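Topology and contacts: notes
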Amino acid sequence: MVNRRTRASLYVILVLGVCLAASAGWNQSRQTPKTAGAPGRLAQITGRITLTGLERSVEVIRDRWGVPHIYAQTADDLFFAQGFVVAQDRLWQLEMWRRTGEGRLAEVLGEKALPRDIFARLLLYRGDMEAEWASYAPDARRIVTAFVRGVNALIALDLADGGARLPVEFSLMGLRPDPWTPEVCLTRLAGYVMSRNIENEVLRAQLVSRVGVEKATGLMPLDPPAKLRIEPGLDLGAITPAVLAGHRAAGAALSFAEGQGSNNWTVAGSRTRSGRPILANDPHRQMLLPSLRYMAHLVGPGWNVIGAGEPALPGLAAGHNERTAYGFTIFAADQQDLFVERTDPANPLRYRYAGKWETMRTVKELFRVKGKDQPVEVELRFTRHGPVIHEDREKRLAYALRWTGLEPGGAGYLASLSLNRARDWTEFRKALERWKIPAQNIVYADVEGNIGYQAAGLVPARSGWNGLLPVPGDSGRYEWTGFRKLEELPHAFNPPKGFVATANHRTVEPSDPNPAGYEFGADYRFRRIEEVLGARRDFSIADIERLQHDQTSLVARQLVPMLQGAKTADPRLSGALRLLREWDQVVSADSAAAALYEMWVQKLVGNAVRQWVPAQAQPLIRSARTVLGTTIVLLERHSRDRLPLLLDSLREADADLSERLGSDLSRWRWGALHRAEFRHPLTAEFNLPAVPRGGDSNTVNATGFATDFRQTTGASYRQIFDVGQWDNSVGINVPGQSGRPGSPHYGDLLPMWAAGEYFPLAYSREAVERYAASRLLLEPSAGAQR
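Structure report, in brief. These figures come from a predicted structure and were not determined experimentally.

Considering the overall build of the protein chain
When helices and strands are counted, the protein chain shows 24 helices and 31 strands. Against the compact-globule benchmark of 28 Å for 786 residues, the protein chain has a radius of gyration of 26 Å, which places it among compact chains. Here the C-alpha coordinates of the protein chain stretch approximately 85 × 70 × 60 Å along the principal axes. Evaluated residue by residue, the protein chain yields a buried proportion of 63% over its 786 residues.

See below:
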């Protein structure tokens, strides 16, 4: 809710980067071309296109909602076509994704983007390439190569005629896309922003150094509870925010707004009206234009999968094939550690380890920077623990990042190439042995009626330490002893209660030796999902749709009763109290009480921190993702003297809302404050209309926001599968499938999404034909050799 921080999607990095460039003046004197939405700027989605690189013809049927159903006769052609088709709809997004991952944004955005480029290069995989490719799937290299050839075929087509067919953003930036290589799909930054524990480590270190271990533990609660231990030889006071300079530069444009999470659940046939399992998933990420995810249906030899994934990767991260369905949420495993290395006063390239001096490995990288005639050379440094992300020459310290994403197989979501083809529970779990980054809770259902859940990801094993604070790198005591086996991670198969759900909540046992901090609010979402699923045995697809949009707040159920017994002679405050007391705790867009509640919570958090948190710790707590959880803990701890603070916060909320929405409480609406906006990164001309939203970060319909109440995170993609009768399944992907302004699918799904509606996920050929809106035939060029 207030002052929150979140991991960010890779594409958001581009958004602010572009805005940064805009503020620097690269587009100040230009006007948006009148041809922005003209047919020449749109992809050809009907008729025939002849392409070099295809072996046989491929049919692409786009349905009414812009989802491409791709029918190919070979696997190579299938992924060539996937790359071509996604580039038709998202070429500019792909270009920015590639530049971000490769550390090449400064080429188009200038010097301000250089720090994030340096960080991206630090995270490039530099290990055994055979082990890297083999980690995702036996045929991963071949699939990725085919996908990249398809992307390049579209680039070549759009560059013909002097680039007149390129998406308008390329003209606005004076940019031409570069051809892709397979290694583009192996960059690490997309996965890095989904596993961010070093930020927590540094925050805890600063907190402990200011208020001590006991108070720090109380102010930044962990779930499950765990002890903070200062390791011998480590000066936590030396760890400053500067340590995270590169980390934060990588997300410089990120609207770090907390509330991001995800929901998924799978319900056995014993609890559904049809007698078949239903699987639902709504990942919560940034609200972006174009959308973070791209939906597709891939049909070819050994493939018949539909769902959604990262646009820049082949395969689909969430979806179903002919026999199994799956969906994911983040599993909050601790996949990062920060090592504090002691460097040699006489030679900063040497660092101490196990009683000896070792020399850092160095790599010199050249960065082309817009506005500079010559490339900038930067020396990247690495210790045995990983890339050096910060150096403190004065204190002779270097900070190295150990991260599982730098192991073979660490490219985020690419292991879905194996998951997409799993045909039963055994194959599903076998595929998840390949899943490294990001760590996920993945729910499962199959046509035989089975349901299940498996946490997956490369989780370090630590012996004698828990990774909650930075550790000294010189002793050799704080090393990973390996990685936890899949069967050691949480899982369930056909649970007796007839359903399984996850919502980024604590799924590990309290005694788990490697604790991690879970999203505050996740447990509230999970408890609400369990409350609803446990109450009935006749669920339909429509019921699951309603649950995905459920806006009952269990946090409000906990906070509003704290006002019990409150009395005031102020008639205005009495009206506000009455509004909250009579409220049903549903955070709907048209609710006056919800508007008051959300403003009250914002004031409450600020006041509680000021009153009960030591002054030296207040800035840290305000910036923590757990700030609302800390506030609730403080309110419970001060149950005897909290009422004045509760009432003062309510009075402030009433005054603030009166200024914003008028003095008549009955006319207030939460949706008048809380709106989703889809802003084009380059020009307001391509923005889409803002829509009112209900919910908040802690409702099942999670609509995270920052201090301006604008929705920043939430479920841009939703899927609900009727397992075995696949054509009954539904989905949505906001704001639309295409990223090209002027396309009919640029923002066509926004009204449906805002209304809580879905469209059919056509799977059978009959259903695809029923909803077909356009048909494109991709033909191999005569005599073309691949």
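That was the structure; now back to the text.
A word on the sheet that holds strand β23 (residues 491-493)
Paired through backbone hydrogen bonds, the strands of a sheet run either parallel or antiparallel to each other. Strand order across the open sheet formed by 11 strands is β1-β31-β2-β3-β7-β8-β9-β10-β18-β19-β23, with mixed pairing between neighbours. The open sheet is flanked by β1 (47-51) and β23, the only strands paired with a single partner. For this sheet the average axis-to-axis angle between neighbouring strands, irrespective of direction, equals 20°. Note: strand β2 (residues 58-63) against strand β3 (residues 68-71), 4 bridges, orientation antiparallel. Looking at the pairing, Glu-59 lines up with Tyr-71 of β3.

Considerations on helix α15 (residues 541-548)
Along α15, the residues classified as buried are Ile-541, Asp-543, Ile-544, Leu-547 and Gln-548. The buried residues of α15 occupy one face: seen down the axis, they fall within an arc of 155°.

What to know about the pattern of salt bridges
Following the criterion strictly, the structure yields 57 salt bridges and no others. In this structure, a network of salt bridges that share partners links the residues Glu-95, Arg-98, Arg-99, Glu-102, Arg-104, Glu-107, Asp-178 and Arg-368.

A look at the nonpolar core
Within the largest apolar cluster, 224 residues are counted, with the highest numbers of intra-cluster contacts made by Trp-180, Tyr-597, Trp-600 and Leu-778. Of all the elements, helix α18 (residues 592-612) adds the most residues to this core, at 14 residues. Setting aside chain neighbours within four positions, we find Leu-778 in contact with Ile-49, Leu-51, Leu-54, Arg-56, Ser-57, Val-58, Val-60, Ala-81 and Phe-84.

A few points about the packing of α18 against helix α20 (residues 627-637)
Between α18 and α20, the least distance of the axes is 9 Å, while the angle of their chain directions is 65°. If you check the angle between α18 and α20, you find them roughly perpendicular. Our pair here, α18 against α20, has a crossing hand that is left-handed. Contacts from Val-601, Leu-604, Val-605, Ala-608, Val-609 and Trp-612 of α18 reach α20 at Val-627, Leu-628, Thr-631, Leu-634 and Leu-635.

Procedures and definitions
Residues numbered from 1 in each chain as written. Predicted model: local features only at pLDDT ≥ 70, side-chain atom pairs only at ≥ 80, totals over all residues. Heavy atoms only, no water. Helix = DSSP H or I, 4+ residues; strand = E, 2+ residues; numbered from the N terminus. Rg over C-alpha atoms; globule rule 2.2 N^0.38 Å. Buried < 20%, exposed > 50% of the residue type's maximum accessible area, 1.4 Å probe, protein only. Pairing = 2+ DSSP bridges. Axes fitted to C-alpha atoms, helices over the stretch in contact; angles between N-to-C directions. Arc of directions from axis to C-beta. Salt bridge = Lys/Arg side-chain N within 4 Å of Asp/Glu carboxyl O. Core = buried A, V, L, I, M, F, W, Y, C linked by side-chain atoms within 4.5 Å. Contact = heavy atoms within 4.5 Å. Parallel < 35°, antiparallel > 145°, perpendicular 65-115°, else oblique. Left-handed = near helix turned anticlockwise from the far one by under 90°.

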